[in-house]
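Report on the structure
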Amino acid sequence: MEYKEILDNARTCSGPYCKVCPVCNGKACGNTVPGPGAKGPGSVFVRNYDKWQSVCVNMDTICENVPCDTTLELFGQTYRYPFFAAPVGAMKLHYGDKYDDLAYNQILVKACADSGIAAFTGDGVNAAVMDGAIEAIKENNGVGIPTVKPWNMELVKEKLDKVKSSGCPFVAMDIDAAGLPFLKNMTPPAGSKTVDELREIAEYAGLPFVVKGVMTVRGAMKALDAGAAGIVVSNHGGRVLGMTPSTAEVLPGIADAVEGKMKIFVDGGIRTGMDVFKALALGADAVLIGRPFVTMVYGGEHEGVKTYVEKLGAELKDTMAMCGVHSLKEITRDCVTMFEE
């Protein structure tokens, strides 16, 4: 399928909130909640996208003419590209009735696995969401990353017991979901976690544990102290706050502070293979992309995801070639220039 065809198809079934814009930059959905937007001024996703556009790549074609290697080694697994599908949930509420969370994850996990990457899967009040995601990961030989919400400790451990059966290489927790009302209303209450509580969760997981929703150096150091194997620099919890810095703005400082002691993913506003290159140059090991994968599933299912993965991969390779680098480890800070507004 052609990329434009997929977008056109998605516009017929993505519900009233997501407009399936030619460029997914957050400007049309803004403060639309329900929907893919945010509370308050709705500037969170707009700022993410805009800040990545203020990062420019430094061209250098005086170099050896050899193929570019985009493969990523991560927690004992090899992936074709350094990008993953981000966890997305409440599909019918935010994106339309075509798919519920279980059907969405079923398509996404297989399509990503078949394309040589992996999907992070979401979690929800309905226990069947996590159960279905785990089954999808099992069916695809463990290629997929379950993401557990910061429930109370008893429920977290119950979920992790199921996660361990999936064969997944690592597990994540979206700690920035702590402000969601359904977590606060639990008995016992759920939500934010102390360093000691995160350490207990990481040890119980028995797998590399990744904390999603870190936006400060202080938060990164806390995750490292808790024994996390990685973090996701992500401000999706900013949908509750309504305004946070962009991930592009905070990533370099966090990467400098971490000094390679754990893996760094970044999520928010990254839309092209060139954006992936920029993120790696600013210190990320890998990238998560959310809403565009939703559009690909709604507009083309398995084939839509494949088309987008190949598009991103080709753009990444083209950028690497034009910047004189031929492997991911060669993408360093001096490959980009950041411009202030």
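Structural notes, computed from the coordinates. (Residues numbered from 1 in each chain as written. Predicted model: local features only at pLDDT ≥ 70, side-chain atom pairs only at ≥ 80, totals over all residues. Heavy atoms only, no water.)

1. Thoughts on the nonpolar core
F84, I231, F265 and F293 are the most contacted members of the largest nonpolar core, which has 108 residues in total. Per element, the largest residue contribution to this core is 11 residues, and it comes from helix α13 (residues 291-322). Other than its neighbours up to four places away in sequence, I231 contacts V210, V211, V214, A220, A223, I254, M262, K263, I264 and F265. (Core = buried A, V, L, I, M, F, W, Y, C linked by side-chain atoms within 4.5 Å. Buried < 20%, exposed > 50% of the residue type's maximum accessible area, 1.4 Å probe, protein only. Helix = DSSP H or I, 4+ residues; strand = E, 2+ residues; numbered from the N terminus. Contact = heavy atoms within 4.5 Å.)

2. Observations concerning the pairing of strand β11 (residues 286-289)
Side-chain alternation along β11 places A286 and L288 on one buried face and V287 and I289 on a second face that is also buried. For strand β4 (residues 83-85) and β11, the ladder comprises three bridges, and the chain directions are parallel. In the strand pairing of β11, A85 is matched with I289. Both strand β10 (residues 263-267) and β11 contribute to a ladder of three bridges, which runs parallel. Within the sheet, the bridge partner assigned to F265 lies in β11 and is A286. Of the crossover connections in this fold, the one passing from β10 over helix α12 (residues 273-281) to the parallel β11 is right-handed. (Pairing = 2+ DSSP bridges. Right-handed = clockwise from strand over helix to strand, strands pointing away.)

3. Some points on unusual backbone geometry
Residue T187 is joined to P188 through a cis peptide bond whose omega torsion reads -5°. Along the polypeptide, P188 turns up in the loop between α7 (181-184) and α8 (195-205). Unusually for a residue other than glycine, V20 sits at a positive phi of about 50°. If you trace the backbone, V20 turns up in the loop between α1 (3-11) and α2 (44-53).

4. Side note on the sheet that holds strand β6 (residues 145-148)
Across the sheet, eight strands lie side by side as β4-β11-β10-β9-β8-β7-β6-β5; this open sheet has parallel pairing. Among the strands making up the open sheet, the edge pair consists of β4 and β5 (120-121). Bridge count for strand β8 (residues 209-214) against strand β9 (residues 230-234) is four bridges, and the pairing is parallel. Bridging across to β9, V211 finds its partner in I231.

5. Overview of the side chain of N25
With respect to the secondary-structure elements, N25 resides in the loop between α1 and α2. A polar atom in the side chain of N25 sits 3.0 Å from the backbone nitrogen of K27. The residues touching N25, leaving out its near neighbours within four places in the chain, are F45, V46 and Y49. (Polar contact = N/O pair within 3.5 Å; in protein donor to acceptor, adjacent residues only side chain to side chain.)

6. Quick word on the packing of helix α5 (residues 127-139) against helix α6 (residues 153-163)
Two elements in contact, α5 and α6, have axes separated by 10 Å at closest approach and are oriented at 25°. Looking at the two axes, α5 sits roughly parallel to α6. Viewed along their axes, α5 and α6 form a crossing whose handedness is right-handed. Contacts from A127, M130, D131 and I134 of α5 reach α6 at K159, K162 and V163. When the residues that make up the contact of α5 with α6 are grouped by side-chain class, the tally is four nonpolar, no polar and three charged. (Axes fitted to C-alpha atoms, helices over the stretch in contact; angles between N-to-C directions. Parallel < 35°, antiparallel > 145°, perpendicular 65-115°, else oblique. Left-handed = near helix turned anticlockwise from the far one by under 90°. Nonpolar A, V, L, I, M, F, W, Y, C, P; charged D, E, K, R; others polar.)

7. Notes on the pattern of salt bridges
This model, assessed by the stated rule, comprises 19 salt bridges. Between D131 and K162 there is a salt bridge, with its nearest N and O atoms 3.0 Å apart. You can see D131 sitting in helix α5 and its partner K162 sitting in helix α6, a full 31 residues away along the chain. By relative accessible area, D131 is classed as partly exposed at 29%. Residue class for K162 comes out partly exposed when judged on its relative accessible area of 31%. Measuring nitrogen to oxygen at the nearest pair gives 3.0 Å for the salt bridge that ties D256 to R333. With D256 in helix α11 (residues 247-258) and R333 in the loop between α13 and β12 (336-338), this residue pair connects regions lying 77 residues apart in the sequence. Each member of the salt-bridge network shares a partner with another, and the members are K4, D8 and R11. (Salt bridge = Lys/Arg side-chain N within 4 Å of Asp/Glu carboxyl O.)

8. Side note on the packing of aromatic side chains
The full count for this structure, using the stated rule, is 11 aromatic pairs. Ring plane angle 70° and centroid distance 5.0 Å describe the contact between Y79 and F84, whose orientation is recorded as edge-to-face. We note that Y79, like F84, is buried. A connected cluster of aromatic rings, assembled from ring pairs, spans F75, Y79, F84, F120, F170 and F265. Here the basic side chain of K164 rests over the ring of Y204, its NZ or CZ set 4.2 Å away from the ring centre. A cation over an aromatic ring shows up here: K311 above the ring of Y3, its NZ or CZ 4.9 Å from the ring centre. (Phe/Tyr/Trp six-rings, centres within 6.5 Å; stacked < 30°, edge-to-face > 60°. Lys NZ or Arg CZ within 6 Å of the ring centre and 35° of its normal.)

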